[in-house]
Every structure is written in C-alpha cells, then in structure tokens.
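Breakdown of the fold
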Amino acid sequence: MRAVMRRSIGGRSYPMIFEVHPLGAYEANCYIIGCPKTKLGAVVDPGAEPGLILSRIKDLGLTIKHIINTHGHVDHIGANARVKEATGAEIIIHADDAAMLAQPSGNLSAMMGQTIVSPPAGRLVKDGDQITMGEISIRVIHTPGHTRGGICLDLGDRVITGDTLFAGSIGRTDFPGGNYETLIRSIKDKLLILDESTCVWPGHGSESTIGDEKSYNPFLRPGFSC
C-alpha cells in the first residue's frame, strides 16, 4: 500500500482542520479543510481515490459544503462526481476552466485513454471572491498560466497553489491554455506579494514558504528564461 501523508494543522490566525492526501497515479494533493467549531468543510482537488477521501471526511465528522477545483485537469477533478454524489457539495471552479469539467480532451483524460467528466460547477468564481464554511474564509486568487482559469486559495497563513507554484518549481505551460509568461506574471504579481512566512501547499509535492520560493526557486530569479 502506498503511504499517504496526513496532516492536521492549527493555523496561526484561526484554528482549522487541514489535511493533505497525495492521491492517484500522479499523486495530486487533495486537501480536506474544515471549521472545528461548525464542522463545515471543503475538499480541494479530489482527483482520485474517492473512497479514501470520503472515509477521512467521515472520520473527521465534517459536512462538506464545497468541492473546489484549482483548475480543470483530470488529476484534480477525477473524483468530483463520487464526492459530490456522496456529500451533495457544490463544485466550485474559475469560469475560464468550467468547460473542462465536461470535456475529456480539455481535462486531459482523453490523452490518457479515459473519458472522465465531472458534474457541472454550481459556482463560478473570479479573482477576489470569498468561499466560506463556518468561521473559515478562503480568498480566491486567479493565477492563469498553467490553465486559463487556474486559481490559488488564500487561507491567511497558508495558500493552496494548485499547479501554479511548487516547491522549487512551477506548473507546466505546454498544455492547452498554458502560457509561460502569464504563469510567471501570476506568481510574481499575485503570490510573491504575500507574507514571506505564508506556507505554500502545492498541487503536487511537499510544502514550502513564500520566502523560500522568492529566495531559491530558479524559475523566479531575475534573468531566468525557460
């Protein structure tokens, strides 16, 4: 059995249930977030292994209000249908990626020989929108470049960056809708302005901080070109 990283972290600004699970063949990070007081929660990027996701939701005693997709690629939306069916949660995605949910060619599942579709979004978000559950409020940051509708999720002392920013790297820009210059601009203008102590929780791989990415990420150094 593949080991699964599980973490529960109390935020500095307010208490929070916060777990990360790398799931599926591409080990895309799925996040389970909840308000300890109200037990209302959200699942971010349920890409695979819905049984594990639903088991953890039950163990945590959460009522899931939202399924949030940072973008429309299959490794981040693949379990949307099962999680929505079990929880009744609203699917949230940026308007520019909404069509990918129902398009195997757009969400890249066709490229893998599959036909994976998600139920449609119940809410389309844009830059600056707020997503709330109980006492937790998440600010949407639109960061196009990996896809046109890629978003990051600002939770105050941490930010979920999807496939925009990784520890020591950045998202691919060679898929449809990707653009390298746009991605770098999104990271520098929207993410690197956050407090340097902000923890970066990416769509794949381990966590980092905004300060470390400013200092050590080779893609973000002055003069670097792809």
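See the structure shown above.
Reference entry: report on the structure contained in this document. From a predicted model like this one, the values you see are computed outputs, not experimental measurements. (Residues numbered from 1 in each chain as written. Predicted model: local features only at pLDDT ≥ 70, side-chain atom pairs only at ≥ 80, totals over all residues. Heavy atoms only, no water.)

1. With respect to the overall build of the protein
Under the convention used in this document: Strands here are runs of E lasting at least two residues and helices are runs of H or I lasting at least four, both read from the DSSP assignment and numbered beginning at the N terminus. Two residues qualify as a contact provided that any one of their heavy atoms is within 4.5 Å of a heavy atom in the partner residue. Positive: Lys, Arg. Negative: Asp, Glu. His and the chain ends are not part of the count. Working definition for charges: the position is that of NZ of Lys, CZ of Arg, CG of Asp or CD of Glu.
Regarding its fold elements, the protein presents five helices and 14 strands. With the C-alpha coordinates of the protein rotated into their principal frame, the extents come out at 50 × 45 × 35 Å. Long-range pairs, those at least 24 residues apart, make up 59% of the contacts in the protein between residues at least 6 apart in sequence. With 22 positive and 24 negative side-chain charges, the protein shows a separation of 3 Å between the mean positions of the two kinds.

2. Digging into the side chain of Thr143
Structurally, Thr143 is set in the loop between strand 8 (136-142) and strand 9 (151-154). Beyond its immediate stretch of four places on either side in the chain, Thr143 contacts Gly150, Ile151, Cys152, Thr164, Ser186, Lys190 and Leu191.

3. Re the sheet that holds strand 6 (residues 123-125)
Selection criterion: For two strands to pair, DSSP has to find at least two bridges joining them. Interaxial angle, 0 to 180 degrees, is taken between N-to-C directions of lines fitted to C-alpha atoms, where a helix line uses only the stretch in contact.
Reading across from one edge, 1-2-3-4-5-6 is the order of the six strands in this open sheet, with mixed pairing throughout. Both outer strands of the open sheet, strand 1 (17-23) and strand 6, are each paired with one neighbouring strand and no more. Between one strand axis and the next, the sheet turns by 20° as a mean value, whatever way the strands run. Relative to strand 4 (residues 63-68), strand 3 (residues 40-44) is paired through five bridges, and the arrangement is parallel. Within strand 4, the residue paired with Gly41 across the bridge is Ile64. The strands touched by helix 1 (residues 50-60) within the sheet are strand 1, strand 2 (28-34), strand 3 and strand 4, with strand 1 carrying the most contacts at an inclination of about 160°. Sheet strands in contact with helix 3 (residues 80-87) are strand 3, strand 4 and strand 5 (90-94), and its direction is about 155° off that of strand 4.

4. Some thoughts on the packing of aromatic side chains
The following threshold applies: Aromatic rings from Phe, Tyr and Trp, taking only the six-membered ring of Trp, are treated as a pair when their centres fall within 6.5 Å; an angle between ring planes under 30 degrees marks them as stacked, one over 60 as edge-to-face, and anything in between as tilted. Accessibility here uses a 1.4 Å probe with only protein chains present; expressed as a share of the type maximum, an area under 20% marks a residue as buried, one over 50% as exposed, and anything in between as partly exposed.
Enumeration according to the criterion identifies three aromatic pairs in this entry. Plain terms: the ring middles of Phe18 and Trp201 are 5.3 Å apart, the flat faces sit at 65° to each other, and that makes the pair edge-to-face. Of this pair, Phe18 sits in strand 1 while Trp201 sits in strand 13 (residues 199-202), and the two are 183 residues apart along the sequence. Overall, the relative accessible area of 1% leaves Phe18 in the buried class. Ring centres of Tyr31 and Trp201 lie 6.3 Å apart, and the angle between their planes is 85°; this geometry places the pair in the edge-to-face category. Note that Tyr31 is positioned in strand 2 and Trp201 in strand 13, a separation of 170 residues in sequence. The class for Trp201 is buried, based on a relative accessible area of 4%. Members of the aromatic cluster, each reached through a chain of ring pairs, are Phe18, Tyr31 and Trp201.

5. Structural notes on the side chain of Thr164
Considering the arrangement of structural elements, one finds Thr164 in the loop between strand 10 (158-162) and strand 11 (165-166). With sequence-adjacent residues up to four places away left out, Thr164 is seen in contact with Thr143, Cys152, Ile170, Gly171, Leu183, Ile187 and Leu191.

6. Some thoughts on the nonpolar core
For the record, the criterion: To define a nonpolar core, start from buried Ala, Val, Leu, Ile, Met, Phe, Trp, Tyr and Cys residues and group those joined through side-chain atoms within 4.5 Å.
Counting residues in hydrophobic clusters, the biggest one holds 22 residues, and the most contacted among them are Ile33, Ile68, Ile136, Ile138, Leu153, Leu155 and Ile160. Ranked by residues supplied to this core, first place goes to strand 8 with three residues. Counting residues in hydrophobic clusters, the runner-up holds 20 residues, among them Cys30, Val43, Ala48 and Leu52.

7. Description of the pairing of strand 8
Most of strand 8 is tucked away: five of the seven residues are buried. In this sheet, strand 8 lies alongside strand 7 (residues 130-133) in antiparallel orientation, the contact comprising four bridges. Each bridged residue has a counterpart across the sheet, and for Ile131 the counterpart in strand 8 is Ile138. Linking strand 7 back to strand 8 in an antiparallel pair, the connection comprises two residues, with Gly134 at a positive phi of about 60°. Two elements, strand 8 and strand 9, share four bridges in a ladder whose sense is antiparallel. Looking across to strand 9, one finds that His142 is bridged to Ile151.

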